[in-house]
Amino acid sequence: RASLLGRNLWEQLPDTIGSVDERAYRRALETQRPVTFERYVAATGHHFEVRVQPIPEGLGVYFTDISESRQFEQERAELREASRHARSIAEVARARLAFIAEVSSDITMTLDPGEVCRRLAAHAVGRLADWVSVYVLDGDQCHRIAAAHRDPRWAEAVSELVDSYPIDI
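Presented here is an overview of the structure given in this document. Keep in mind the model is a prediction, meaning the values are calculated, not measured. (Residues numbered from 1 in each chain as written. Predicted model: local features only at pLDDT ≥ 70, side-chain atom pairs only at ≥ 80, totals over all residues. Heavy atoms only, no water.)

## A few points about the overall build of the chain
Cut-off, in case you're wondering: For the purposes of this entry, the term helix denotes a DSSP run of H or I that reaches at least four residues, the term strand denotes a run of E that reaches at least two, and both are numbered from the N terminus. Only the C-alpha atoms count toward the radius of gyration. The rule for a globule is 2.2 Å times the residue count to the power 0.38. Exposure categories follow from relative accessible area, calculated using a 1.4 Å probe and restricted to protein chains: below 20% of the type maximum is buried, above 50% is exposed, and the middle band is partly exposed. Only heavy atoms matter for contacts: two residues are in contact if any of them lie within 4.5 Å across the pair. Each accessible area is a Shrake-Rupley result for a 1.4 Å probe, and residues are judged covered by the shown protein chains and nothing else. The convention is simple: Lys and Arg are positive, Asp and Glu are negative, and His and the chain ends are not counted. In this description, the location of a charge corresponds to atom NZ of lysine, CZ of arginine, CG of aspartate or CD of glutamate.
Helix and strand counts for the chain stand at five helices and five strands. Along the chain direction, N to C, the helices and strands of the chain fall in the order α-α-β-β-β-α-α-β-β-α. The C-alpha radius of gyration computed for the chain amounts to 35 Å, which surpasses the reference 15 Å derived for 169 residues by more than 25%, pointing to a less compact arrangement than a globule. In terms of overall dimensions, the chain has a C-alpha envelope of 95 × 30 × 30 Å along the principal axes. Residue burial in the chain is summarised as follows: out of 169 residues, 21% are buried. Long-range pairs, those at least 24 residues apart, make up 25% of the contacts in the chain between residues at least 6 apart in sequence. Counting only carbon and sulfur atoms, one obtains 55% of the accessible surface of the chain, whose full area is about 12,600 Å². Considering the chain, the positive charge centre built from 21 side chains and the negative charge centre built from 27 side chains are found 10 Å apart.

This is the structure in structure tokens:
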């Protein structure tokens, strides 16, 4: 402060020439209105609010260290992003649990294994896949129990396709 007080700014801080700071200082001189901007000083790792105030002798330049508030804002932004991410994960988990609850409720309404597989396939299309084929292993045999397609008009084509390519276990 003592080395700058009452001295020519451009001579004392030659790195300022051509910078954003210089434009702000000159704008304050030309308009005779205060100008405020932020400056990060990498050498010190500090953020400053710089207020340039025209005064009869030239310019009054005031620096306020706002590093703590910038750090707080950064942490707050990170917390908001973490919160958004956590809500997104929770929503996906909630949707999965709702799907499982819906399917569980529906398939427990019957004791017929074939009907359970058909209901499971019906639930899976549209939510998990465009088409579904359900198989049951019986010893060394693999039997297709159910097939479904998102578009009911394609269900028969899916059955024919799956029957054309039996699973070799």
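## Brief notes about helix 5 (residues 155-164)
Spelled out, the test is: The arc in question is formed by the directions pointing from the helix axis toward the C-beta atoms.
For helix 5, every residue scored as buried is listed here: Val158, Ser159 and Val162. Buried positions in helix 5, seen along its axis, are confined to an arc of 100° and lie on one side of it. In helix 5, the exposed positions that point more than 90 degrees away from the buried face belong to Glu156 and Ser164. Those residues of helix 5 hidden inside the fold are in contact with strand 4 (131-138) and strand 5 (141-149).

## A short note on the packing of helix 3 (residues 67-107) against helix 4 (residues 113-124)
Applied cut-off: Between N-to-C directions, angles span 0 to 180 degrees; the directions come from axes that are lines fitted to C-alpha atoms, helices contributing only their stretch in contact. With respect to orientation, any angle under 35 degrees is reported as roughly parallel, any angle over 145 as roughly antiparallel, any angle of 65 to 115 as roughly perpendicular, and every other angle as oblique. We call a crossing left-handed when the near helix sits turned anticlockwise from the far one by less than a right angle, and right-handed when that turn is clockwise. When residues are grouped by polarity, Ala, Val, Leu, Ile, Met, Phe, Trp, Tyr, Cys and Pro land in nonpolar, Asp, Glu, Lys and Arg in charged, and all others, Gly among them, in polar.
Contact geometry of helix 3 with helix 4 gives a least axis separation of 9 Å together with a crossing angle of 155°. Taken as axis vectors, helix 3 and helix 4 run roughly antiparallel relative to one another. Judged by the sense of rotation from one axis to the other, the crossing of helix 3 with helix 4 is right-handed. Contacts from Phe99, Glu102, Val103, Asp106 and Ile107 of helix 3 reach helix 4 at Val116, Arg119, Leu120, His123 and Ala124. Looking at the contact of helix 3 with helix 4 residue by residue, the class counts come to six nonpolar, one polar and three charged.

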